[in-house]
Amino acid sequence: GGNNAGHTVVVDGKEYDFHLFPSGIINPKAISFIGNGVVIHLPGLFEEAEKNEKKGLKDWEKRLIISDRAHIVFDFHQAVDGLQEVQRQAQEGKNIGTTKKGIGPTYSSKAARTGLRICDLLSDFDEFSSRFKNLAQQYKSMFPSLEIDVEGQLKKLKGYAEKIRPMVRDGVYFMYEALHGSPKKILVEGANAALLDIDFGTYPFVTSSNCTVGGVCTGLGVPPQHVGDVYGVVKAYTTRVGIGAFPTEQINEIGDLLQSRGHEWGVTTGRKRRCGWLDLVILKYAHMINGFTALALTKLDILDVLDEIKIGVAYKLGGKRIPYFPANQEILQKVEVEYETMPGWKTDTTGARKWEDLPPKAQNYIRCVENHVGVPVKWVGVGKSRESMIQLF
């Protein structure tokens, strides 16, 4: 992905919003690496740096490495993203609900082999400029209303080239050395989620990249044999930003309560997230693709006030359970959800720091998830801060 994704990280009471930066950038002992599978909007990167510097982020440029094979998001990609959404709305009466950050158009350029990469920006600038002009021209012919200040953008890009040059490395060599040198802990962070994956998500309401586990290999150049533990991160209820089928969605006071208690706003767009009961069908589906070693179940505390809690355990079509997650959106819109209902614990869990501190009914809820999915829950989140993560084993 790119700066369409947003990750909120709270450390020592400070809240950071990351889009292009890996979340590990706060850790002064960690090297952060943006892989080849990421699409990078350079003005967005420096804007994000500036915002987080104001919150106390220091020396990030000494800890950040950027793959020379990553594709570049240009300002005109972002403009085109907006124009395409307007066009979809006019033609089909609905859009995809993109973040208008130019992600789709950039991956389209990548797939069409007309994209430009970080390595192109840092090599012969005249060659880069002529390819940039060609690409801009292609978009102008597709979208006659599109205005592009070609010379102005090239001038800015030349400036960014010099700022990032010290950070850029050959990512394949970098990862190879990290894997084969002195033993290191390597944590890979994926953007978005399984249901937004271009291949496995609720197409066409998806992002343009592979945000399932295969992205570790294609997005970083890491061989499959080096993939160790795979951790799935899932909220204690289900949310979705933008449109697309959402079988367990609660368009009622339950949905409103989850939305307000969980502060469910998109980090990138500020849109309200749609909320519903935990959907184990999609969680199992994500597990089929990713093969989770363990789960992190977050935001359990948001459910603290509910009298009863439902969990979606199966989908039915025409009264019959179906053993799969439907690919087709029209079919997915029609499924009926079969729920299991559990009593709420009606207790504040935000102070819990170990398993024993959780009320028995909350423990039952977690065990129910584990049993249905067949994956152990390793962490339970009961608040925003790092201290609010209960580690079970």
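Note that the coordinates shown come from a computational prediction; the quantities given were computed from them, not determined experimentally.

Participant: Even after reading the chapter, I still don't get the overall build of the protein, so can you show me in this structure?
Facilitator: The number of helices and strands found in the protein is 13 helices and 17 strands. Here the C-alpha radius of gyration of the protein, 22 Å, is about what a compact globule of 393 residues would show, namely 21 Å. When its C-alpha atoms are laid out on the principal axes, the protein stretches across 65 × 55 × 40 Å. Here the protein holds 393 residues, and the buried ones make up 48% of them. The contacts of the protein with a sequence gap of at least 6 include a subset with a gap of at least 24, amounting to 70%. Of the roughly 19700 Å² of accessible surface on the protein, 52% is carried by carbon and sulfur atoms. Here the protein holds 49 positive side-chain charges and 46 negative ones, and the gap between their average locations is 1 Å.

Participant: Got a minute to help me understand the UniProt feature "active site" (unreviewed entry) in the protein in this structure?
Facilitator: UniProt's entry tags Lys110 with the feature "active site" (unreviewed entry), counted in the numbering of this structure. Within the fold, Lys110 resides in helix 4 (residues 103–111). Lys110 has contacts with Asn36, Gly37, His71 and Gly115, leaving out every residue within four places of it along the chain.

Participant: What exactly am I supposed to notice about the packing of aromatic side chains here?
Facilitator: We describe a pair of aromatic rings using the distance from one ring centre to the other and the angle between the two ring planes. Applying the stated criterion across every chain yields a total of 17 aromatic pairs. Ring centres of Tyr16 and Phe18 lie 5.8 Å apart, and the angle between their planes is 10°; this geometry places the pair in the stacked category. Between Phe33 and Phe174 the ring centres are 4.8 Å apart and the planes differ by 50°, which places this aromatic pair in the tilted class. Linking Phe33 in strand 3 (residues 32–34) with Phe174 in helix 8 (residues 171–180), this pair joins segments that are 141 residues apart in sequence. We classify Phe33 as buried; its relative accessible area is 14%. We classify Phe174 as buried; its relative accessible area is 15%.

Participant: Help me understand the pattern of salt bridges in this model?
Facilitator: Pairs can form between side chains of opposite charge whenever their charged atoms are close. Counted by the stated rule, this structure contains 18 salt bridges. A salt bridge links Asp68 to Arg69, with the shortest nitrogen-to-oxygen separation between them at 3.7 Å. For Arg69, a relative accessible area of 34% puts it in the partly exposed group. The salt bridge involving Glu264 is made with Lys299; its shortest N-O contact spans 2.8 Å. Here Glu264, found in the loop between helix 10 (253–261) and strand 10 (274–276), pairs with Lys299, found in the loop between strand 12 (294–298) and strand 13 (308–317); they are 35 residues apart in sequence, far enough to count as distant. The buried category is assigned to Glu264, whose relative accessible area is 0%. Within the structure, one salt-bridge network assembled from shared partners comprises Lys235, Glu264, Arg273 and Lys299.

Participant: Got a minute to help me understand the environment of Tyr237 in this structure?
Facilitator: With respect to the element layout, Tyr237 can be found in the loop between strand 8 (231–235) and strand 9 (238–240). As a C-alpha pair, Tyr237 and Lys334 span 97 residues in sequence and 21 Å in three-dimensional space. Non-local contacts of Tyr237, meaning those with residues more than four positions away in its chain, are made with Leu258, Gly262, Glu264, Gly276, Trp277, Leu278, Lys299, Ile302 and Leu303.

Participant: When you look at the layout of surface pockets in this model, what are you seeing that I'm missing?
Facilitator: Over the atoms, a rolling probe the size of a water molecule traces out where space has been left empty. Quantified by volume, the second largest pocket comes out at close to 300 Å³. In this structure, the second largest pocket is lined by 14 residues; those nearest its centre are His19, Gly44, Glu47, Lys51 and Lys101. Counting residues per element, the lining of the second largest pocket draws most heavily on helix 1 (residues 42–54), which supplies five residues. Among the residues making up the lining of the second largest pocket, the classes are represented as one nonpolar, seven polar and six charged.

Participant: Just checking my understanding: could you explain empty space enclosed by the protein for this structure?
Facilitator: Summed over the entire model, instances satisfying the criterion amount to one cavity of 30 Å³ or more. Within this model, the largest cavity holds a volume of roughly 70 Å³. Lining the largest cavity, in full, are Pro43, Val73, Phe74, Asp75, Gln153, Lys156, Leu157 and Tyr160. With four residues, helix 7 (residues 150–164) is the largest single contributor of residues to the lining of the largest cavity. Taken together, the residues of the lining of the largest cavity sort by class into five nonpolar, one polar and two charged.

Participant: Just checking my understanding: could you explain unusual backbone geometry for this structure?
Facilitator: Here the residue pair Tyr203 and Pro204 is connected by a cis peptide bond, since its omega of 10° sits within 30 degrees of zero. Inspection of the secondary structure assignment puts Pro204 in the loop between helix 8 and helix 9 (214–220). A positive phi angle, near 60°, is found at Arg113, a position not held by glycine. As for its position among the elements, Arg113 is in the loop between helix 4 and helix 5 (118–122). Even without glycine at this site, Lys346 takes up a positive phi of about 50°. Counting through the fold element by element, Lys346 comes out in the loop between strand 15 (336–343) and helix 13 (360–373).

About the thresholds
- Residues numbered from 1 in each chain as written.
- Predicted model: local features only at pLDDT ≥ 70, side-chain atom pairs only at ≥ 80, totals over all residues.
- Heavy atoms only, no water.
- Helix = DSSP H or I, 4+ residues; strand = E, 2+ residues; numbered from the N terminus.
- Rg over C-alpha atoms; globule rule 2.2 N^0.38 Å.
- Buried < 20%, exposed > 50% of the residue type's maximum accessible area, 1.4 Å probe, protein only.
- Contact = heavy atoms within 4.5 Å.
- Areas by Shrake-Rupley, 256 points an atom, 1.4 Å probe, with all protein chains shown as cover.
- Lys, Arg positive; Asp, Glu negative; His and termini not counted.
- Charge placed at Lys NZ, Arg CZ, Asp CG, Glu CD.
- UniProt positions renumbered as here; feature names shortened; annotations may be inferred.
- Phe/Tyr/Trp six-rings, centres within 6.5 Å; stacked < 30°, edge-to-face > 60°.
- Salt bridge = Lys/Arg side-chain N within 4 Å of Asp/Glu carboxyl O.
- 1 Å grid on protein atoms, 1.4 Å probe; cavity = no way out; pocket = protein on both sides within 12 Å on 5 of 7 lines; lining within 4 Å.
- Points joined across faces, edges and corners; volume = space filled by probe spheres on them.
- Nonpolar A, V, L, I, M, F, W, Y, C, P; charged D, E, K, R; others polar.

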